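Working through the structure, step by step
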Amino acid sequence: MDYQKIIEEIKEKVDIVDFIGEFIDLKKTGQNYRALCPFHSEKTPSFFVSPSKKIWHCFGCGKGGDVLTFLMEYENIDFYEALSILAKRTGIEFFFSLKSPSPVSKEKLYEIYKISALFYSDQLKNSQRAKKYLLSRGIDESSIGTFSIGYAPDEKDALYSYLKAQNFDDNIIKRSALVTNNYDFFRDRIIIPIHDLTGRIIGFGGRLIELKSELPKYINSPDTTIFKKGENLFGFWQAKKFIKEKGYAVIVEGYMDVILCHQHGFKNVVAPLGTSVTLEQLRKIRRVTNKILFLFDGDEAGITATERGLIPAFQLGFIVKIALLKENEDPASILQKEGSNSLRNYIAQAFSPVDLFIEKRKRKNLTERIHDCLNALSYLKDSIYQEQLLKELSEKTDISEMSLRDELKKVVYESKQNKEKFRFSEKILLNEEEFLLRIILAYPGKINYVLKFINFEDFETNHVRNIFLKIKNLYESGQYSQDRLFNLLEQNEKSFISKLIIMTEIEQNSLEQNINDCIKRLSIKTVDKKIKEAAKLGDEKSLYELIKKKKILLSKDNERE
Ligand SMILES: [Zn+2]
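Note that the structure is predicted; figures quoted are calculated from it, not measured.

A look at the overall build of the protein chain
Scanning the protein chain for helices and strands turns up 26 helices and 15 strands. Over its C-alpha atoms the protein chain spans a radius of gyration of 25 Å, differing by no more than 12% from the 24 Å that the globule rule assigns to 561 residues. Seen through its C-alpha atoms, the protein chain measures out along the principal axes to roughly 65 × 65 × 60 Å. Per-residue burial for the protein chain yields a buried fraction of 36% across its 561 residues.

Here it is as structure tokens:
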């Protein structure tokens, strides 16, 4: 069945404003409509719907998408269920064998994930290369067992053929999202199963064995009825019992960190799935404990990730401690290089959230640091804990508690005011790669042209590169459409794109000139980076070649003008 045609017909017939307006109260503002977001709690509306672009986006929580994604999010149903509801509503004929969200179909999904995990696990036994890789990362046999680690072979349809041979029909296979158009979703990756609270496998993480510049290092299996990335934690099933025992949960960044921590006896450790930790994920932990420890890389990115995690943690009333490692190290690398005692020392030196703002952000001046800290403290629900941290902040900055308390009131007031001031007209500036992406979203006819000239190595941001790769895959198999792309995107990518589309307009004139300019500037940026590196190394020969290359790139610009 051609779902694509159905989706297009549905979008043609459904008025996005009428439709979303049935669920929430939309008010017209300029060309768009706005409302209080149904997906996070807020007092000032930051949820926007664009009737002309047929897209919605919330600037508060970042969610966004089309009518289908709205219905999926709102009703917490999967793609096919949303599709059948909208088809019925628009009178479009649509037969789908799994129309009803019956428990049977979920059972089928659990089953197919279980069988797939067994398949991957068998494949690992047969692959010396995959085993060697795990060994090189310090992962032993017991961890392979505890986490049911497997391997997806470098073949286009190994899993698909296996599932067919196990008598799964194409509908179920398709719904599992582990195979698309007869192609396996995971190829040549280490497969790490993600379990739900009862130990059922609901999704997979996949890590490339050999890094290739054009492929993301980690990918997760797509969301399904049984799996929502933003709501599940890796390792929670294995760690739950130990979190209760120890009285606190440790949050790390990645799969390998969790696995190696468990292997070295730190068994109360979990990780979010690829993004910073969400409110929903923390809510799961909150049922077991009210104490967490963030254990991250000590670089800027690690500090930022910790700051981001603090706010939802405070909202849920967690008592938080933080341990930061040396720069560019994660728990996995520390354990591998220095052993468990070293990690234990880091944990023993865990500090309070106040120190994170006051001690670790030396680049900012003291006023800014205090302000950031107070901003975080303003999210605290637990007033005793807030009082404690204010006292600590006062001791560490020599500012009286009374002044700090006054400041805190101001912070709360200001953040309210800022939200009131929120205006949709706020324009965002696009960098070259975002601009290219925006062009091909508006003019899919230009995809071929862009793909022909773009060099994937030139991308500076991973998420834009990943979106481009998905576009490329769809385009090359002759299946590109914006809706299909949407279905392939991770939630954060969807939000990024809906924001991009709502916030910006692309003019039709001199499109190719603009594309050429962007591609040129991207390659020049790459060459500049290499020039810097070569200069640092004193590599004169490369330097000479690179400068020549840059001159050629620059002159190409002039020719066209
Ligand atoms: Zn929202």
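Let's pick the thread back up.
A closer look at the pairing of strand β2 (residues 32-35)
Both faces of β2 are covered, namely the face carrying N32 and R34 and the face carrying Y33 and A35. Looking at chain direction, strand β1 (residues 27-29) and β2 are connected through 3 bridges and run antiparallel. Note on β2: the bridge partner recorded for K28 is Y33. In sequence, β1 turns back onto β2 through a hairpin of 2 residues, with G30 there showing a positive phi of about 60°. Alignment of β2 against strand β3 (residues 47-50), held across 3 bridges, turns out to be antiparallel. Its bridge partner lying in β3, R34 is registered against F48.

Quick word on the nonpolar core
In terms of nonpolar packing, the biggest core is built from 86 residues, with I191, I251, V258, V270 and C373 touching the most fellow members. Among the elements that take part in this core, helix α11 (residues 255-263) stands out by supplying 6 residues, more than any other. A domain-level breakdown of this core finds at least three residues from each of domain 2 (101-227) and domain 3 (233-403). For C373, the contacting residues outside a window of four places in its chain are V354, F357, I358 and L393. The next biggest cluster of nonpolar side chains, apart from the first, holds 50 residues, and it includes I6, W56, Y80 and I515.

Focus: the sheet that holds strand β9 (residues 189-195)
If you walk across this open sheet you meet the 4 strands as β6-β9-β10-β11, and the pairing is antiparallel. For this open sheet the edge positions go to β6 (150-152) and β11 (218-220), each flanked by a neighbour on one side alone. Strand-to-strand twist across the sheet, computed as the mean angle between neighbouring axes with direction ignored, equals 35°. Note that β6 and β9 share 3 bridges and pair antiparallel. Pairing of A152 across the sheet is with R189, part of β9.

Describing the sheet that holds strand β5 (residues 64-65)
An order of β1-β2-β3-β4-β5 is seen for the 5 strands of this open sheet, with the pairing classed as antiparallel. Two strands lie at the open edges of the sheet, namely β1 and β5, each paired on one side alone. Strand contacts of helix α24 (residues 491-503): β3, β4 (55-58) and β5, with the helix running at about 110° to β4, the strand carrying the most contacts.

Structural notes on the domain arrangement of the protein chain
Interfaces are frequently sized by the accessible area removed from exposure as the parts join. On domain assignment, one finds that the protein chain holds domain 1 (3-90), domain 2 (101-227), domain 3 (233-403) and domain 4 (432-560). Inter-centroid distance (C-alpha atoms) of domain 2 to domain 4 is 31 Å. Contacts between the two partners involve 4 residues from domain 2 and, on the opposite side, 6 residues from domain 4.

Focus: helix α13 (residues 300-315)
Residues that lie three or four places apart on an α-helix share one face, since the helix turns once every 3.6 residues. Taking 1.5 Å per residue, 16 residues should reach 22 Å; α13 reaches 24 Å between its end C-alpha atoms and fits that length. Buried within α13 are the following residues: G302, A305, T306, E307, G309, L310, A313 and F314. Elements that come into contact with the buried residues of α13 comprise β12 (249-251), α12 (279-286), β14 (291-296), β15 (319-324), α16 (353-359) and α17 (366-377). Phi turns positive, to about 80°, at G317, one or two residues after α13.

A look at helix α14 (residues 331-338)
Listing the buried residues of α14 in full gives P331, A332, I334 and L335. Mapping the buried residues of α14 onto a view down its axis gives an arc of 165°, with all of them on the same face. Taken together, the buried residues of α14 touch α11, β14 and α15 (340-348). Immediately beyond the C-terminal end of α14, within one or two residues, lies G339, with a positive phi of roughly 85°.

Focus on the environment of D78
Assignment of secondary structure puts D78 in the loop between α3 (67-75) and α4 (79-90). A tally of 22 C-beta atoms within 10 Å means that D78 is categorised as buried. Counting along the chain gives 49 residues from D78 to S127, while the straight-line C-alpha distance between them is 35 Å. Among residues more than four places away in sequence, those in contact with D78 are M72, T224 and T225.

Some details on unusual backbone geometry
The phi angle at N181 is positive, at roughly 45°, despite the residue not being glycine. Note on placement: N181 falls in the loop between β7 (179-180) and β8 (183-184). Under the C-beta neighbour-count criterion, N181 is labelled exposed, with 10 such atoms within 10 Å. Its identity as a non-glycine residue notwithstanding, D398 has a phi of 60°, on the positive side. Among the structural elements, D398 can be located in the loop between α18 (383-397) and α19 (401-421). Judged by C-beta crowding, with 7 C-beta atoms within 10 Å, D398 ranks as exposed.

Scoring rules and cut-offs
Residues numbered from 1 in each chain as written. Predicted model: local features only at pLDDT ≥ 70, side-chain atom pairs only at ≥ 80, totals over all residues. Helix = DSSP H or I, 4+ residues; strand = E, 2+ residues; numbered from the N terminus. Rg over C-alpha atoms; globule rule 2.2 N^0.38 Å. Buried ≥ 20, exposed ≤ 12 C-beta atoms within 10 Å, placed from the backbone. Pairing = 2+ DSSP bridges. Core = buried A, V, L, I, M, F, W, Y, C linked by C-beta atoms within 7 Å. Domains from an automatic or database assignment. Contact = placed C-beta atoms within 7 Å. Axes fitted to C-alpha atoms, helices over the stretch in contact; angles between N-to-C directions. Expected span 1.5 Å × (residues − 1). Arc of directions from axis to C-beta.

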